[in-house]
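Listed here are the chains, written in short residue letters.
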Amino acid sequence: MKPWVKLAVPTLATALLLIPTGVASASAATPTSPAPPTAAASPTPPTPDQVAFARTVAQFASTHTPPVVNSTDPATYVQQNVAAYEYLKVLPVQALYGQYGCAVSFSAASMQVGGDGVNRATADRVVSCPAGVDTSLISPNVLPRADAHVAAPSQSTMAVITPQNWVNTCSNTLSSGVHCIGQETTTSEHDFKYTWYGSGTITGHVRAGTAGIGQPCANGTFLGNSADHTIGYGSSIIEVVWPNYSSTFSNSFYPPSPGALRTRWCASM
């Protein structure tokens, strides 16, 4: 695994240059907009509903193996993406996040043709979590939360691939939002997340890609788009894909199409 490094993290002043004038979909972001929370508070003890969600996750983990999409053979890679799509269609996303008290307002699986012509499995999610709960740490770990005291499947019967090594890196606040890119090194799952920390709401979508050349941080090859979503303070749009090449990725946030780029961030995983 390559150590990750952050690339092209623009300052807030630079990020503001990326905001087109007259973007009606985004509320006005001012210097007094709320800042991201800094306290890493522990999640509160699970409620009965969250324990029920944890049981659902445990049952799913005992019978479903997370997809591995990492073949260098084109035909095999296509087959792996088809298997990933079938997995995403049955993944209990509401329970996966709900066991931590998070609300999932949108979840969909799809196949999208990338800029290289490859048809990839993708997942599009909108999630809002309590303060102190990091959605980036939930997605690749399809396991019941430990403090729910739900009996997880034994290692002998558990379908989850181990070990799971999750690498996650996030930008500084760019124009009242934060970009994160995560990589599950065993299965090659990549999560591209944008979280809004401005006042009011913002509407747009996440574009996942490799990092292009010619700029410190360019879009690069298209990997997947979420739909357009409207989110409030602290809510996240997450786009999940499985790239089969490159170690450097771009995470861009766009107002509804057609719309000019709002912010972009790149990282090498």
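Values in this document were obtained by computation on a predicted structure and should not be read as measured data.

This paragraph deals with the sheet that holds strand β4 (residues 166-170). Ordered by their spatial adjacency, 6 strands build an open sheet running β2-β3-β10-β6-β5-β4, and the pairing between neighbours is antiparallel. Both outer strands of the open sheet, β2 (103-113) and β4, are each paired with one neighbouring strand and no more. When the angles between neighbouring strand axes are averaged without regard to direction, this sheet yields 15 degrees. Two strands pair when backbone bridges link them, and strand β6 (residues 190-196) and strand β10 (residues 235-241) are joined in this way by 6 bridges, in the antiparallel orientation. Within β10, the residue paired with Y194 across the bridge is I237. The strands touched by helix α3 (residues 74-90) are β2 and β3 (119-128); relative to β3, the strand with the most contacts, the crossing angle is about 30 degrees.

This model, assessed by the stated rule, comprises 4 salt bridges. A salt bridge links R120 to D116; the shortest N-O distance between them is 2.9 Å. For R120, a relative accessible area of 0% translates into the label buried. Among the residues examined, D116 registers a relative accessible area of 33% and is labelled partly exposed. Two residues, D147 and R145, come together in a salt bridge whose shortest N-O distance is 2.6 Å. Of the residues examined, D147 reaches a relative accessible area of 33% and is grouped as partly exposed. Judged by its relative accessible area of 2%, R145 is buried.

Analysis parameters
Residues numbered from 1 in each chain as written. Predicted model: local features only at pLDDT ≥ 70, side-chain atom pairs only at ≥ 80, totals over all residues. Heavy atoms only, no water. Pairing = 2+ DSSP bridges. Helix = DSSP H or I, 4+ residues; strand = E, 2+ residues; numbered from the N terminus. Axes fitted to C-alpha atoms, helices over the stretch in contact; angles between N-to-C directions. Contact = heavy atoms within 4.5 Å. Salt bridge = Lys/Arg side-chain N within 4 Å of Asp/Glu carboxyl O. Buried < 20%, exposed > 50% of the residue type's maximum accessible area, 1.4 Å probe, protein only.

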